[in-house]
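What follows is the residue order along each chain.
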Amino acid sequence: MRWVMGLIIAAGALGGAWPAARLLWDMETGAAPFTATNADGSVQQAEIGPKSFWPQWALRPEGAGLTVRAHFGPGAGQPETGYAELGGFEDAAALQAAYAARLAAAGWEVRPMHLDVPLPEVPPRSARLCQVMARKDGNTLMLSVTTDMQGLSRLHWTKGAMPPTMGAQPGLCQKAQ
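What you see is a predicted model; the values in this text were computed from it and never measured. (Residues numbered from 1 in each chain as written. Predicted model: local features only at pLDDT ≥ 70, side-chain atom pairs only at ≥ 80, totals over all residues. Heavy atoms only, no water.)

Enquirer: Would you mind going over the state of the cysteines with me for this structure?
Expert: Cysteine pairs can be linked by a disulfide, which is a covalent bond between their two sulfur atoms. Within this structure, the stated rule accounts for one disulfide. Across the disulfide from cysteine 130 sits cysteine 173; the S-S distance is 2.0 Å. Disulfide cysteine 130-cysteine 173: torsion about the S-S bond near -115°, hence left-handed. On the criterion of sequence distance, the pair formed by cysteine 130 in strand S6 (residues 125-136) and cysteine 173 in the segment after strand S9 (169-170) is long-range, its members being 43 residues apart. With respect to burial, cysteine 130 and cysteine 173 carry one shared label: buried. (Disulfide = S-S within 2.5 Å. Helix = DSSP H or I, 4+ residues; strand = E, 2+ residues; numbered from the N terminus. Buried < 20%, exposed > 50% of the residue type's maximum accessible area, 1.4 Å probe, protein only.)

So, in structure tokens, the structure goes:
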């Protein structure tokens, strides 16, 4: 039994000394810095993890848990941007309506939208994405939530313009038909 404990301790020490292990740890618990090279050759400083930068102006939706995932600094031809995953809510349409109302009350230009997307499942089915695009002072927020599949619900922010989702229909979400 001692050799098993020794093996576990040795594996932990080796893993802690391995640079990639530290990077993975920071990505899950902190903010791992890295440099992203875009297709045009420009670079952006970025950080991945729950302690990544989140701007004060990016209002968080009430009634949903928010975990910051990434922040990308400005680059040549690229705006500063970031996103968070959302969870812990039961009704995407209600969250969408409440967030749109909160942003409008805070002076944001708000456009609610919805979109049905196919899910990679057998048998095939679709998910309804309830979205809110909002602009204020040159900044953009995009809420995209669904109760159909975990991991699709996110809040994106951009210092600058953000294109709307292709194929999205204007208006608040209604129940999928």
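Enquirer: Just checking my understanding: could you explain the sheet that holds strand S5 (residues 109-119) for this structure?
Expert: Strand pairing within a sheet occurs via backbone hydrogen bonds; the two strands may be parallel or antiparallel. One open sheet holds the nine strands; their spatial order is S1-S2-S3-S4-S8-S7-S6-S5-S9, and the pairing between them is antiparallel. Of all strands in the sheet, those bounded by a partner on one side alone are strand S1 (32-37) and S9. The sheet contact formed by S5 and S9 spans two bridges and is antiparallel. In the strand pairing of S9, histidine 114 is matched with glutamine 169. (Pairing = 2+ DSSP bridges.)

As far as function goes, none of this settles anything; it's purely spatial.
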